[in-house]
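# Analysis of the macromolecular model
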Amino acid sequence: MLILYDYWRSSAAYRVRIALHLKGLEFESRPVDLRHGQQRDADYLRLNPAGLVPLLVDGALRVSQSLAICAYLDEAWPDTPPLLPPNPRARATIRSMALTLACDTHPLQNLRVLQQLEADFGADDMQRGNWVRHWIHSGLATLERLATDNAGACCHGDTVTLADLCLAPQLYTARRYDLPLDDFPRLVAIDAHLMTLPAFIAAQPVQPGR
Ligand SMILES: N[C@@H](CCC(=O)N[C@@H](CS)C(=O)NCC(=O)O)C(=O)O
């Protein structure tokens, strides 16, 4: 059985939960409570020296990095719905979209970055919020333009791809931080469509105990 080290509000873990549900792969979710610093516990660091979620464990294999996990799932279960189409040009476009969020946007909103802004510069709640909103707006603005050239019901055409796995969690975080989404009509429409799909519904963040 696949094991996912997970946190309900982690957008990187959310990407992987969507992928696992899309592919119909059974997994056990093991919570790592980021708010309580469990990602830095010695036991967890032995599994994932980065001290981040998600981490996928498949027998003796441990894979960190959500996009590396998605690639592993595609490669190890080739008979399940693929996250990238075969066409190299389409794959390149979809990867550009996914990485716009996963590399250029998400890391700047991460808990440890916000904690460091507070520790080094005394940034308060409002300043940290403004920081997060600034970087999410910047990333979504790029993706909105990329989607204008490529989207159908999904970020690239009408089939769910890796780009959609990054978009839905990023919009979840944007809403968490009250970022107005009026500048991103196409992304909001895509997200509304994604949220009708069973894999996206099953993967949604649910606070433990609710
Ligand atoms: N690039 C990594 C990012 C992983 C990551 O930053 N995870 C966040 C949650 S979304 C985390 O574990 N943060 C803990 C912390 O900042 O201490 C991936 O895509 O998996």
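Our subject is the structure listed above.
Values in this document were obtained by computation on a predicted structure and should not be read as measured data.

## A look at the nonpolar core
Nonpolar side chains tend to gather and get buried jointly when the protein is soluble and globular. Residues L20, L73, L140, L165, L167, L187 and L194 are the most contacted members of the largest nonpolar core, which totals 50 residues. It is helix α7 (residues 162–176) that contributes the most residues to this core, eight residues altogether. Both domains that furnish three or more residues to this core are identified here as domain 1 (1–79) and domain 2 (86–198). Beyond its immediate sequence surroundings of up to four residues, L73 is in contact with L2, A19, L20, K23, L25 and L56. Counting 11 residues, the second largest nonpolar core, distinct from the first, contains Y5, Y7, W8 and V57.

## Thoughts on the site of the ligand
With respect to spatial proximity, 16 residues lie near the ligand, and among them Q39, V53, Q65, S66 and N110 are the closest. At a separation of 2.8 Å, an oxygen atom of the ligand approaches a polar side-chain atom of Q39. A distance of 2.6 Å separates a nitrogen atom of the ligand from a polar atom in the side chain of Q65. Protein chains bury 91% of the 520 Å² of accessible surface belonging to the ligand in isolation. Going through the elements one at a time, α1 (11–23) and α5 (111–121) are the ones with two or more residues in the shell around the ligand. For the shell around the ligand, the leading source of residues is α1, giving three residues. The residue inventory of the shell around the ligand, partitioned by class, reads six nonpolar, seven polar and three charged.

## Considering the packing of α1 against helix α3 (residues 66–76)
Remark: α1 packs on α3, axes separated minimally by 9 Å, with the N-to-C direction vectors making an angle of 10°. Taken together, the axes of α1 and α3 lie roughly parallel to each other. Contact residues: A12, R15, V16, A19, L20 and K23 in α1; S66, L67, I69, C70, L73 and D74 in α3. Class assignment for the residues of the contact of α1 with α3 results in eight nonpolar, one polar and three charged.

## Quick word on the packing of α1 against α7
At a minimum axis distance of 9 Å, the contact between α1 and α7 shows a crossing angle of 140°. Between α1 and α7, the angle falls in the class oblique. Note that α1 runs across α7; the crossing there is right-handed. For the pair α1 and α7, the contacting residues are S11, Y14, R15, I18, A19 and L22 in the first and L165, C166, A168, P169, Y172 and T173 in the second.

Rules and cut-offs
- Residues numbered from 1 in each chain as written.
- Predicted model: local features only at pLDDT ≥ 70, side-chain atom pairs only at ≥ 80, totals over all residues.
- Heavy atoms only, no water.
- Core = buried A, V, L, I, M, F, W, Y, C linked by side-chain atoms within 4.5 Å.
- Buried < 20%, exposed > 50% of the residue type's maximum accessible area, 1.4 Å probe, protein only.
- Helix = DSSP H or I, 4+ residues; strand = E, 2+ residues; numbered from the N terminus.
- Domains from an automatic or database assignment.
- Contact = heavy atoms within 4.5 Å.
- Near = heavy atom within 4 Å.
- Polar contact = N/O pair within 3.5 Å; in protein donor to acceptor, adjacent residues only side chain to side chain.
- Areas by Shrake-Rupley, 256 points an atom, 1.4 Å probe, with all protein chains shown as cover.
- Nonpolar A, V, L, I, M, F, W, Y, C, P; charged D, E, K, R; others polar.
- Axes fitted to C-alpha atoms, helices over the stretch in contact; angles between N-to-C directions.
- Parallel < 35°, antiparallel > 145°, perpendicular 65-115°, else oblique.
- Left-handed = near helix turned anticlockwise from the far one by under 90°.

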